[in-house]
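Listed here are the chains, written in short residue letters.
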Amino acid sequence: VFGYLGPNGAGKTTTIRLLLDLARPTSGSVSVLGLDPRRDGVALRRCLGVVPGDLRLYERLTGREIVRYFASLRDSTTLPEIDALAARLDADLDRPVRSLSKGNRQKIGLIQALAHRPELLVLDEPTSGLDPLVQEEVLDLLREAAAEGRTVFLSSHALAEVQRVADRVAIIRDGRLVLVEGVESLR
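Thresholds, definitions, all that
- Throughout this document, residue positions are counted from 1 along each chain, in the order its sequence is written.
- Per-residue local features of the predicted model are confined to residues with pLDDT of at least 70, and side-chain atom pairs are confined, for both listing and counting, to 80 or more; whole-chain, interface and lining totals are unaffected and use all residues.
- Side-chain metrics rest on all non-hydrogen atoms present in the structure, leaving aside hydrogens and water.
- Labels follow the DSSP assignment, with helices taken as runs of H or I lasting at least four residues and strands as runs of E lasting at least two, numbered in each case from the N terminus.
- Only protein chains enter the accessibility calculation, which uses a 1.4 Å probe; a residue is then buried when its area is under 20% of its type maximum, exposed when over 50%, and partly exposed in between.
- Pairs of strands are assigned from DSSP output, requiring at least two bridges between the strands.
- Grouping into patches uses exposed residues only, defined as over 30% relative accessible area, and leaves out salt-bridged ones; the cut-off is 9 Å for like charges and 5 Å for nonpolar side chains (Val, Leu, Ile, Met, Phe, Trp, Tyr).
- Accessible surface is estimated by sampling points in the Shrake-Rupley manner with a 1.4 Å probe; for residues, cover comes only from the protein chains shown.
- Criterion for a salt bridge: a side-chain nitrogen of Lys or Arg within 4 Å of a carboxyl oxygen of Asp or Glu.
- Only the stretch in contact is used when fitting a helix axis, every axis being a line fitted to C-alpha atoms; angles between N-to-C directions are given from 0 to 180 degrees.
- For any helix crossing, the convention is left-handed if the near helix is rotated counterclockwise from the far helix by under a right angle, and right-handed if that rotation is clockwise.
- In this analysis, two residues are considered to be in contact whenever any of their non-hydrogen atoms come within 4.5 Å of each other.
- Any residue that is not Ala, Val, Leu, Ile, Met, Phe, Trp, Tyr, Cys, Pro, Asp, Glu, Lys or Arg is counted as polar, Gly included; the first ten are nonpolar and the last four charged.

Brief notes about unusual backbone geometry
Thought 1: Non-glycine residue Asp90 carries a positive phi angle of around 55 degrees.
Thought 2: Relative to the helices and strands, Asp90 resides in the loop between helix 4 (79–89) and helix 5 (102–114).
Thought 3: Residue Asp90 is classed as exposed on the basis of its relative accessible area of 60%.
Thought 4: The backbone phi angle of Glu125 is positive, close to 55 degrees, even though this residue is not glycine.
Thought 5: Along the chain, Glu125 turns up in the loop between strand 3 (120–124) and helix 6 (132–147).
Thought 6: A relative accessible area of 18% means that Glu125 is categorised as buried.

Okay, structure coming up:
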């Protein structure tokens, strides 16, 4: 688990947008899992689970319809995993998204990102809007993903949250990395 910390406006979301080819670098290059996000975007997205900081979902669909839709885009059969994640996160997948709170929308985003057991999770403030018990469950899910050999890129502005789950941490300020350390030495 790689924690990516910084204050609001430091460049955390911009970094994620570059990794996902949603923004293009003005110089340099980006490689994710050995792939070029621009050239190999389709192949790369099959290996990724993403929760953006500005999560937007189809308002008229139910949570279940959304997670099944994303599973079909990946040619993934993850229906048992969807139900297991929904139970762990106490998510209601049968109501239209427009009727859900921010926290319940966030749960749907997490389920769609985790259900296909991706090689790399890219999470931008994934516990935003969640109650403390669900936040802890999310951190447990991230620990489990790491224990299975998967990688988690966790962007946050909450040092305490990142310290509880990350192995290494980078701190970004004004678009520049100011520190990359193991969690123990950061403490």
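Some points on the pairing of strand 6 (residues 176–182)
Thought 1: Note that strand 5 (residues 168–173) and strand 6 share six bridges and pair antiparallel. When the sheet's bridge partners are listed, Arg173 is paired in strand 6 with Arg176.

Digging into a nonpolar patch on the surface
Thought 1: On the surface, Tyr58, Tyr69 and Leu73 cluster together into a nonpolar patch covering about 310 Å² of accessible area.
Thought 2: Owing to a relative accessible area of 47%, Tyr58 belongs among the partly exposed residues under this scheme.

Section: the packing of helix 4 against helix 5
Thought 1: The interhelical angle for the contact between helix 4 and helix 5, taken along N-to-C directions, is 145 degrees, at an axis separation of 10 Å. Judged by the sense of rotation from one axis to the other, the crossing of helix 4 with helix 5 is right-handed. Together, Ile82, Leu85, Ala86 and Leu89 of helix 4 and Lys107, Leu110, Ile111 and Leu114 of helix 5 make up the contact between the two elements.
Thought 2: The class makeup of the residues in the contact of helix 4 with helix 5 is seven nonpolar, no polar and one charged.

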